Amino acid sequence: MAEALLLIDIQNDFCPGGALGVPDGDAVVPIANRLARQFEHVLLTQDWHPPGHSSFASQHAGKSPFETISLSYGAQTLWPDHCVQGTSGADFHLDLNVTKAEMIIRKGFRPTIDSYSAFFENDHTTPTGLTGYLRERDISELVMVGLAYDFCVQYSALDASRLGFTVTVVQSACRAINLDGSAATATEAMRAAGVRLTETL
Ligand code: VGL
Ligand code: ZN
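About the thresholds
- Residues numbered from 1 in each chain as written.
- Chains lettered and ligands numbered in written order.
- Predicted model: local features only at pLDDT ≥ 70, side-chain atom pairs only at ≥ 80, totals over all residues.
- Heavy atoms only, no water.
- Donors = N, O, S within 2.8 Å, 3.2 Å for Na, K, Ca; no water.
- Tetrahedral: all angles 85-135°; square planar, octahedral: opposite > 155°, others 65-115°.
- Buried < 20%, exposed > 50% of the residue type's maximum accessible area, 1.4 Å probe, protein only.
- Near = heavy atom within 4 Å.
- Polar contact = N/O pair within 3.5 Å; in protein donor to acceptor, adjacent residues only side chain to side chain.
- Areas by Shrake-Rupley, 256 points an atom, 1.4 Å probe, with all protein chains shown as cover.
- Salt bridge = Lys/Arg side-chain N within 4 Å of Asp/Glu carboxyl O.
- Helix = DSSP H or I, 4+ residues; strand = E, 2+ residues; numbered from the N terminus.
- Phe/Tyr/Trp six-rings, centres within 6.5 Å; stacked < 30°, edge-to-face > 60°.
- Lys NZ or Arg CZ within 6 Å of the ring centre and 35° of its normal.

*Asks:* Before we go on, may I ask you to explain the coordination of the zinc ion (ligand 2) in this structure?
*Replies:* When four donors bind a metal tetrahedrally, each ideal donor-metal-donor angle is 109.5 degrees, and when six bind octahedrally, the ideal angles are 90 or 180 degrees. Here the zinc ion (ligand 2) is held by the protein donor atoms Asp47 (OD), His49 (NE2) and His82 (NE2), which lie 2.0 to 2.2 Å from it. The site at the zinc ion (ligand 2) holds four donor atoms, and with the angles between them running 90 to 166 degrees, its shape is irregular. Mapping the donors of the zinc ion (ligand 2) onto the primary sequence yields the spacing D-x1-H-x32-H. In terms of burial, aspartate 47 and histidine 49 fall into one category: buried.

Below you can see the structure in the form of structure tokens.
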């Protein structure tokens, strides 16, 4: 049985000045780096969209970022164009120490499905492959930090918990987008699912 640190989407576009900048998002970088030194296994996720991705408001006439629309798999929040494959916005924050990362799981690369969770895309059925990777490596405990708390961190934590992993979210190393109170909703949902929430580790 092993434990891993999962650093979620600590990318330029989610940091202040980025296309979908999360307020104070870059503040998670030094904490993530400190945690990474404490863990034997470090994994990263990277939001990785093709140009013209269906989650971009720019692809839907008359729609603006942060509006919600209905796609084949259900409700989808629309975003500014962000984390486009191969752009600097999709790169990890320059100060994030990624040398220890044993794997990088990319998500959101299918043109017509968004992906918040590190485990399943937003259709809740298309797997990213992370479950199999973790099980094969006998990793059953996950500590999660990163961006954004109320989207990718929350969905990753909920899926992991549902899949039977022991999950801890370190809140001081997360920042939220906070659409209509989504940060508070995320906290409640994670707590209800048995995710351990802690300020520091
Ligand atoms: C994310 C919105 C769109 C995230 C990714 O990483 O939380 N949020 N794409
Ligand atoms: Zn995205």
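*Asks:* Please clarify how the site of ligand 1 should be interpreted in this entry.
*Replies:* Surveying the vicinity of ligand 1 reveals the residues Asp9, Phe14, Leu20, Asp47, Trp79, His82, Tyr116, Leu147, Ala148, Phe151 and Cys152. At 2.6 Å from an oxygen atom of ligand 1 is found a side-chain nitrogen or oxygen belonging to aspartate 9. A distance of 3.0 Å is found between an oxygen atom of ligand 1 and a backbone nitrogen or oxygen belonging to alanine 148. Considered on its own, ligand 1 offers 260 Å² of accessible surface; in the complex 100% of this is hidden by protein.

*Asks:* What's the story with the pattern of salt bridges in this structure? I'm lost.
*Replies:* Charged atoms that come close allow side chains of opposite charge to pair. If you walk through the whole model with that rule in mind, you get seven salt bridges. For aspartate 24, the salt bridge goes to arginine 175, with nearest N and O atoms at 2.9 Å. Of this pair, aspartate 24 sits in the loop between strand 1 (2–8) and helix 1 (28–38) while arginine 175 sits in strand 7 (residues 166–175), placing them 151 residues apart in sequence. Measuring nitrogen to oxygen at the nearest pair gives 3.0 Å for the salt bridge that ties aspartate 47 to lysine 107. Note that aspartate 47 is positioned in strand 2 (residues 41–47) and lysine 107 in strand 5 (residues 101–107), a separation of 60 residues in sequence. Each member of the pair, aspartate 47 as well as lysine 107, is classed as buried. Residues joined by salt bridges that share partners form a network here, namely Asp9, Asp47 and Lys107.

*Asks:* Looking at this model, I keep getting lost on unusual backbone geometry. Mind explaining?
*Replies:* What is expected of a backbone is that most residues other than glycine have negative phi and most peptide bonds are trans. Look at the link from leucine 147 to alanine 148: it is a cis peptide, with omega at -15 degrees. Take alanine 148: it is sitting in the loop between strand 6 (139–147) and helix 3 (149–162). We note that aspartate 24 has phi near 65 degrees; this positive angle belongs to a residue other than glycine. When its relative accessible area of 41% is taken as the criterion, aspartate 24 is described as partly exposed. Of note in the backbone geometry, histidine 124 takes a positive phi value of approximately 65 degrees without being a glycine. Within the secondary structure, histidine 124 sits in the loop between strand 5 and helix 2 (130–136).

*Asks:* Please explain the packing of aromatic side chains as it appears in this structure.
*Replies:* Where two aromatic rings form a pair, the distance of their centres and the angle of their planes describe that pair. All told, the structure shown has six aromatic pairs when counted by the stated rule. Aromatic side chains tryptophan 79 and tyrosine 116 sit 6.2 Å apart centroid to centroid with 80 degrees between the ring planes, which places their arrangement in the edge-to-face category. With tryptophan 79 in the loop between strand 4 (74–77) and strand 5 and tyrosine 116 in the loop between strand 5 and helix 2, the pair connects residues that are 37 residues apart, well separated along the chain. Here tryptophan 79 and tyrosine 116 have matching classes, each one buried. The structure contains a cluster of three or more aromatic residues connected by ring pairs, namely Phe66, Trp79, Tyr116, Phe151 and Tyr155. Its end group placed over the ring of tryptophan 48, arginine 106 keeps NZ or CZ at 3.7 Å from the ring centre.

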